[in-house]
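The primary structure of each chain is shown beneath.
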Amino acid sequence: MHGEVDTPAASVAHDATASLPPTCQEGPAARPARAALSGRLRERMARDFQGRLRDEWGGRFVTHGRSPGPQAVRLDGNDYLSLSGHERIVRAQIDSLRRDRDIVVQSGVFHLEDSPTHRLEQALAAHVDAEGALLCQSGYAANVGLLQVIADADTPVYIDNLAHMSLWEGIRAAGATARPFRHNDPAFLARAMRRHGPGIVVVDTVYSITGAVCPLREIIEVAEAHGSMVVADESHSLGTHGPQGRGVCAQLGLSHRVHFITASLAKAFAGRGGFLTLPQELRYYLMCHSFPSIFSSALLPHEIEGLRATLDVVREADGARVRLRAVTARVRSRLAALGYPVANGTEQIVGLEVGLEADTLALRDAMEARGVFGAVFVAPATPRDRSVLRMTLHADLTEAEIAHVERVATELAPAFRPWDWASARRQGREAGARAGAGSGSGSASA
């Protein structure tokens, strides 16, 4: 009733629908059950993650705090020179999108020597005083692809404890043995190399969690004394350090003594991609054996043109570099005066090592409630009990924004007592040890 009549036609239609396989039936109720995860995977999730998500992160994913409002002070990115949206860079990208219609999406190993990709590689190599360079999809891909080729099972790879995860993954991809050495400790490295022999030494020039600078000259001297190659990741110093933003290697006049430089172009260059330097004799060998280079598509034409324009802007950005150094010195000085343990670094990356993940999230939430947004780093980026709230400074921070960050840090210090954190006590002990050892420690930072 009520307008519905069970006619023969309706019955036929009903029967026909019922006879269809589940994937052909209509409506959400008719959808088949999705393939279930394996019991082994579910066990691993329950053992390694679900308790952490529930008990330490409060049921939210760890990096997901509040949404920043229009007045928020953003200290959670890597655009150190504030180049995002720069007119020259945007114009170069738009011009390419309008002009370059005949695009072949393919691996970079197919790009010829006269291609825009190769011309950018040559420009980047010249910028860091290297013989040649190879563009990659990211800094991560650059590190994995390089180490996959230059290391092997018979090559010990000496890597700083705080080196970026992509470098560790490159060692694993090569089947090589990682020989970690104590952070920024050339003497420790020398002892390890005397024991295990020549190999490859891997460092960041500026470390991504703490903002510490590598004692690169001393590290190179140890490597040279033991007949080893050096890989320096300049991801957090390219653009911000050295003449015309050429990086720490150029700043120290050491480019010719570093065998390979790698860098992300998603930090001070505010783009997508990465690159590695190499001698010309290795170029084709690496292109033939580096899986990220072979099996990933190359950057698109508008990305290449944007990065070419960015390189020109970076070269001319001395004013932004001066401003960034001034902002860094001021913020670090004020945080130190308030008792925050920031002596583990000196550069534009300020890592507040709170300790336990729940405590780090509590500080993050308190800062975000007051309009200051940093970035949380937890395992696997840090040890489980040494999680970090990282604040990255940039050249466009205004006086009002800096003052607001300082006010928030002042307001929160009595509640969070940063001087009582384990990292503060550790930094105090290390400072005392350095003072006792005098100038012979050989370490540039804690």
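It should be emphasised that the depicted structure is a prediction, and the values quoted were computed from it without experimental measurement.

**Here's the deal with the overall build of the protein chain**
Then, in step 1: Assigned secondary structure in the protein chain consists of 16 helices and twelve strands.
Then, in step 2: The principal-axis extents of the C-alpha atoms in the protein chain amount to approximately 100 × 60 × 50 Å.
Then, in step 3: For the protein chain, with 446 residues in total, the buried portion stands at 47%.
Then, in step 4: Summing over all exposed atoms, the protein chain offers an accessible surface of approximately 21,900 Å²; the carbon and sulfur share of this is 54%.
Then, in step 5: Within the protein chain, the 50 negative side-chain charges are centred at a point lying 5 Å from the centre of the 48 positive side-chain charges.

**Here we look at helix H16 (residues 422-437)**
Then, in step 1: Compared with the 22 Å implied by 1.5 Å per residue over 16 residues, the 23 Å span of H16 between its first and last C-alpha is a close match.
Then, in step 2: Every buried residue of H16 is accounted for by Ser423, Ala424, Arg426 and Gln427. The arc enclosing the buried residues of H16, seen along the axis, measures out at 160 degrees, which places them on a common side. Projecting away from the buried face of H16 at angles above 90 degrees are the exposed residues Arg429, Ala435 and Gly436.
Then, in step 3: On the buried face of H16, the contacting elements are strand S9 (349-355).

**With respect to empty space enclosed by the protein**
Then, in step 1: Inspection of every chain in the model, using the stated rule, returns two cavities of 30 Å³ or more.
Then, in step 2: Put simply, the largest cavity is a space of about 220 Å³.
Then, in step 3: For the largest cavity, the lining is made up of 20 residues, of which Gly108, Thr117, Glu121, Leu134 and Leu135 are closest to its centre.
Then, in step 4: For the lining of the largest cavity, the secondary-structure elements that each account for two or more residues are helix H4 (116-127), strand S2 (132-136) and helix H10 (280-289).
Then, in step 5: Tallied by class, the residues present in the lining of the largest cavity amount to nine nonpolar, eight polar and three charged.
Then, in step 6: Along its surface, the second largest cavity is lined by Leu335, Tyr340, Leu352, Leu363, Met367, Met391, Val405, Val408, Ala409 and Leu412.
Then, in step 7: Elements that contribute at least two residues to the lining of the second largest cavity include exactly helix H14 (357-369) and helix H15 (399-416).

**Quick look at the sheet that holds strand S4 (residues 177-181)**
Then, in step 1: Spatially, S2-S8-S7-S6-S5-S3-S4 is the arrangement adopted by the seven strands of the open sheet, whose pairing is mixed. The open sheet has two edge strands with one neighbour each: S2 and S4. Ignoring which end each strand starts from, the neighbouring axes of this sheet average 20 degrees apart.
Then, in step 2: With three bridges connecting them, strand S6 (residues 229-233) and strand S7 (residues 260-264) associate as parallel partners. Of the residues in S7, the one forming a bridge with Ala232 is Ile261.
Then, in step 3: Those strands touched by helix H8 (residues 216-225) are S4, strand S5 (200-204) and S6, and its axis lies near 170 degrees from that of S5.

**Notes on the packing of aromatic side chains**
Then, in step 1: Under the criterion given, the structure shown has four aromatic pairs.
Then, in step 2: Taking 5.6 Å as the distance between ring centres and 75 degrees as the angle between the ring planes, the aromatic pair formed by Phe291 and Phe295 counts as edge-to-face.
Then, in step 3: Each residue in the set Phe49, Trp57 and Phe61 is aromatic and connected to the rest through ring pairs, giving one cluster.

**Things to note about the confidence of the model for the protein chain**
Then, in step 1: Scored by pLDDT, the protein chain has a mean of 91; 91% of the residues are at 70 or more.
Then, in step 2: Predicted confidence for residues 1-20 stays below pLDDT 50, and this span has five contacts to residues more than four positions away or in other chains.
Then, in step 3: Here residues 441-446 scores under 50 on pLDDT; set against residues more than four positions off or in separate chains, the count is 17 contacts.

Calculation rules
- Residues numbered from 1 in each chain as written.
- Predicted model: local features only at pLDDT ≥ 70, side-chain atom pairs only at ≥ 80, totals over all residues.
- Heavy atoms only, no water.
- Helix = DSSP H or I, 4+ residues; strand = E, 2+ residues; numbered from the N terminus.
- Buried < 20%, exposed > 50% of the residue type's maximum accessible area, 1.4 Å probe, protein only.
- Areas by Shrake-Rupley, 256 points an atom, 1.4 Å probe, with all protein chains shown as cover.
- Lys, Arg positive; Asp, Glu negative; His and termini not counted.
- Charge placed at Lys NZ, Arg CZ, Asp CG, Glu CD.
- Expected span 1.5 Å × (residues − 1).
- Arc of directions from axis to C-beta.
- Contact = heavy atoms within 4.5 Å.
- 1 Å grid on protein atoms, 1.4 Å probe; cavity = no way out; pocket = protein on both sides within 12 Å on 5 of 7 lines; lining within 4 Å.
- Points joined across faces, edges and corners; volume = space filled by probe spheres on them.
- Nonpolar A, V, L, I, M, F, W, Y, C, P; charged D, E, K, R; others polar.
- Pairing = 2+ DSSP bridges.
- Axes fitted to C-alpha atoms, helices over the stretch in contact; angles between N-to-C directions.
- Phe/Tyr/Trp six-rings, centres within 6.5 Å; stacked < 30°, edge-to-face > 60°.
- pLDDT = per-residue confidence, 0-100.

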